[in-house]
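# Chain and residue survey
Okay, here's what each chain looks like letter by letter:
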Amino acid sequence: MLTNFCVFIGIVLVCGCIGYPDMPEELLLKALFQKYNKNARPATVLMPVVTVDHGMDLIRINSFKDNTLRTDVWERMTWHDPRLVWNPSNYFGLTSLSITPDMVWTPDVTLYNGVGEIQKADLFRRITVNSNGMLLWLFPAQLESACVYKKKNGKYDCRLKFASWTYNGLQLNLTHTDRQLGMSNFYPNPDYEIMGTNSTLNLMRYACCPEPYPDVSYQVSFKGVGKG
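Residues numbered from 1 in each chain as written. Predicted model: local features only at pLDDT ≥ 70, side-chain atom pairs only at ≥ 80, totals over all residues. Heavy atoms only, no water.

### Structural notes on the overall build of the protein chain
Counting its regular elements, the protein chain contains 2 helices and 11 strands. When the helices and strands of the protein chain are listed from N to C terminus, the series reads α-α-β-β-β-β-β-β-β-β-β-β-β. When each of the 228 residues of the protein chain is scored for burial, the buried share is 36%. Surface accessibility of the protein chain: about 13500 Å² in total, with carbon and sulfur atoms responsible for 56%. (Helix = DSSP H or I, 4+ residues; strand = E, 2+ residues; numbered from the N terminus. Buried < 20%, exposed > 50% of the residue type's maximum accessible area, 1.4 Å probe, protein only. Areas by Shrake-Rupley, 256 points an atom, 1.4 Å probe, with all protein chains shown as cover.)

Here's what the structure looks like:
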């Protein structure tokens, strides 16, 4: 009886110390997030600026009414977090993880000319973390944006501006490697015809503040079909 009890205690102690040795994701998650603080930017003394690359695919124009453009999009952001680097050979060759956004620091990049709820984004879509510390966050969103437009020959030009809500460019630097608005997954709306798209990376400076403020802006030109 005493021998069986000692064996049981031994099993409990071993399992409590090493977790699940045959489950590499379980082991890796414990190693990565034991001391992780998601409120701290992934910035270091040598690299104090966090670079976030922003891209977007236009999926559909839903409507344009009262100077408000309603669209379905896929937003995409990538950045590096040095706290989330590991050697795959130590974890049975595991090279990536899929985690929920509430586990890590995420960029507060926002649609600046949004209206209503600004954006109805599915922010619970999981983030892919690679062993080199690069993170990819891809999620669908329904955007409602205030549109300052020019109507010429039935064409409308609308801009969607994205930037960090709280960080300046010395804390969070936006980049835009795609250099275009993605259209490969676009689903046409018979009420609207796309005339052209464009995207720009801008760096703004204001009289109040010495820091730069980057933004990524996407422009959509379209006209209503049969609406004059």
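### Description of unusual backbone geometry
Positive phi, normally seen in glycine, also occurs at Asp66, with a value near 55°. When you line up the elements, Asp66 lands in the loop between strand S1 (50-65) and strand S2 (68-85). The phi angle at Phe92 is positive, at roughly 55°, despite the residue not being glycine. Note that Phe92 resides in the loop between S2 and strand S3 (96-99).

### Section: the pairing of S1
With 4 bridges joining them, S1 and strand S9 (residues 172-175) adopt parallel strand pairing. Each residue of the ladder has a partner; that of Val52, found in S9, is Leu174. Relative to S2, S1 runs antiparallel, the two being bridged by 11 bridges. By the bridge assignment, Phe64 is partnered in S2 with Leu69. Once S1 ends, the chain turns through 2 residues before running back antiparallel as S2, passing Asp66 with a positive phi of about 55°. (Pairing = 2+ DSSP bridges.)

### Details of the state of the cysteines
Each disulfide is one covalent bond, formed between the sulfur atoms of two cysteines. Scanning the entire structure with this criterion turns up 2 disulfides. The partner cysteine of Cys147 in its disulfide is Cys158, sulfur to sulfur 1.8 Å. With the S-S dihedral at roughly -95°, the linkage between Cys147 and Cys158 falls on the left-handed side. Placement of the pair is Cys147 in the loop between strand S7 (132-146) and strand S8 (155-164) and Cys158 in strand S8, with a sequence separation of 11 residues. With respect to burial, Cys147 and Cys158 carry one shared label: buried. Should the bonded cysteines of the protein chain be numbered as they appear in the sequence, the pairing reads 1-2, 3-4. (Disulfide = S-S within 2.5 Å.)

### Regarding the pattern of salt bridges
Enumeration over the complete set of coordinates arrives at 6 salt bridges. Between Asp57 and Arg76 there is a salt bridge, with its nearest N and O atoms 3.8 Å apart. Of the two residues, Asp57 is situated in strand S1 and Arg76 in strand S2; the sequence distance between them amounts to 19 residues. Lys223 is the salt-bridge partner of Glu193, the closest N and O atoms lying 4.0 Å from each other. Taken as a pair, Glu193 in strand S10 (residues 192-206) and Lys223 in strand S11 (residues 209-224) lie far apart in primary sequence, 30 residues in all. The exposure class assigned to Lys223 is partly exposed, which follows from its relative accessible area of 28%. (Salt bridge = Lys/Arg side-chain N within 4 Å of Asp/Glu carboxyl O.)

### Observations regarding the environment of Gly182
Inspection of the secondary structure assignment puts Gly182 in the loop between S9 and S10. For the pair Gly182 and Gly55, spaced 127 residues apart in the sequence, the C-alpha separation amounts to 7.9 Å. With residues up to four places along the chain from it excluded, the contact list for Gly182 reads Met56, Asp57 and Leu58. (Contact = heavy atoms within 4.5 Å.)

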